[in-house]
Amino acid sequence: MARDAVWAVITGMYDAYTRGDREGIDRRLHPDATIFDSAHPDLITTREQLNKVRDARPEEGRVTLSAYDEVVDVWGETALARYVLRVAFASGAAEIVRTTSVLRLVDGEWLIVHVHENSL
């Protein structure tokens, strides 16, 4: 089912982040993906910009990410996923982030083309 495949891409991306697997994250992102990151004020439009934001974050693998309460719709080769992301740091309070991701089916594979995060 397409909905399950889309959700697997999203949860797989967060699992890769928790493992510190940047390549695993990037495999799920379209090369031209754009991101509104909850900790960065500007729209990220290139992989170079994304890597600068990543390098400023706490060390990958020291954060646990849990996506839940998902609502996923699929229309042909386009999918829209809305969900809550809980970001638990090694110390301090967890952050709750409302997230929307847009995916496209490219050559039989779902890829994330846009992510919009909004911290509560």
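This text follows the structure it describes.
Just so you know, these numbers come straight off a predicted model, no measurement behind them. (Residues numbered from 1 in each chain as written. Predicted model: local features only at pLDDT ≥ 70, side-chain atom pairs only at ≥ 80, totals over all residues. Heavy atoms only, no water.)

(A) Inspection of helix H1 (residues 2–19) at higher detail. Across its 18 residues, H1 extends 26 Å between first and last C-alpha, which sits within 8% of the 26 Å expected from 1.5 Å per residue. Where H1 is concerned, the buried positions are Val6, Trp7, Val9, Ile10, Gly12, Met13, Tyr14, Ala16 and Tyr17. Elements that come into contact with the buried residues of H1 comprise helix H2 (22–26), strand S1 (29–36), strand S2 (63–75), strand S3 (78–89), strand S4 (95–106) and strand S5 (109–119). Just past H1, the residue Gly20 takes up positive phi, approximately 75°. (Helix = DSSP H or I, 4+ residues; strand = E, 2+ residues; numbered from the N terminus. Expected span 1.5 Å × (residues − 1). Buried < 20%, exposed > 50% of the residue type's maximum accessible area, 1.4 Å probe, protein only. Contact = heavy atoms within 4.5 Å.)

(B) Representation of the pairing of S3 in the model. Where S2 lies against S3, 11 bridges are found, and the strand directions are antiparallel. Residue Ala67 lies in a different strand from S3, and its bridge partner there is Leu85. As defined by bridge partners, S3 adjoins S4 across 10 bridges and the pair is classed as antiparallel. Bridging from a neighbouring strand, Arg82 pairs with Thr100 of S4. Linkage of S3 to S4, two consecutive antiparallel strands, is achieved through a turn of five residues, within which Gly92 is found at a positive phi near 95°. (Pairing = 2+ DSSP bridges.)

(C) Inspection of the sheet that holds S4 at higher detail. Strands sit in the order S1-S5-S4-S3-S2 across an open sheet of five strands; the sheet is mixed. Whereas interior strands pair on both sides, the edge strands pair on one side only; in this sheet they are S1 and S2. Averaged over all neighbouring strand pairs, the angle between strand axes comes to 20°, with direction disregarded. In this structure, S1 lies alongside S5, joined through four bridges in parallel fashion. Bridge pairing in S5 links Thr34 to His114. (Axes fitted to C-alpha atoms, helices over the stretch in contact; angles between N-to-C directions.)

(D) Highlighting the environment of Phe36. As for its placement among the helices and strands, Phe36 is situated in strand S1. Here Phe36 falls in the partly exposed class, since its relative accessible area comes to 29%. For Phe36 and Val115, which are 79 residues apart along the polypeptide, the C-alpha to C-alpha distance reads 6.2 Å.

(E) Highlighting the side chain of Glu117. Tracing the chain through its elements places Glu117 in strand S5. Residue Glu117 is classed as buried on the basis of its relative accessible area of 15%. Reaching out from Glu117, the side chain makes a polar contact with the backbone nitrogen of Ser38 at a distance of 2.9 Å. Ignoring any residue separated from it by four or fewer positions in sequence, one finds Glu117 in contact with Tyr14, Phe36, Asp37, Ser38, Leu85, Val97, Arg98 and Thr99. (Polar contact = N/O pair within 3.5 Å; in protein donor to acceptor, adjacent residues only side chain to side chain.)

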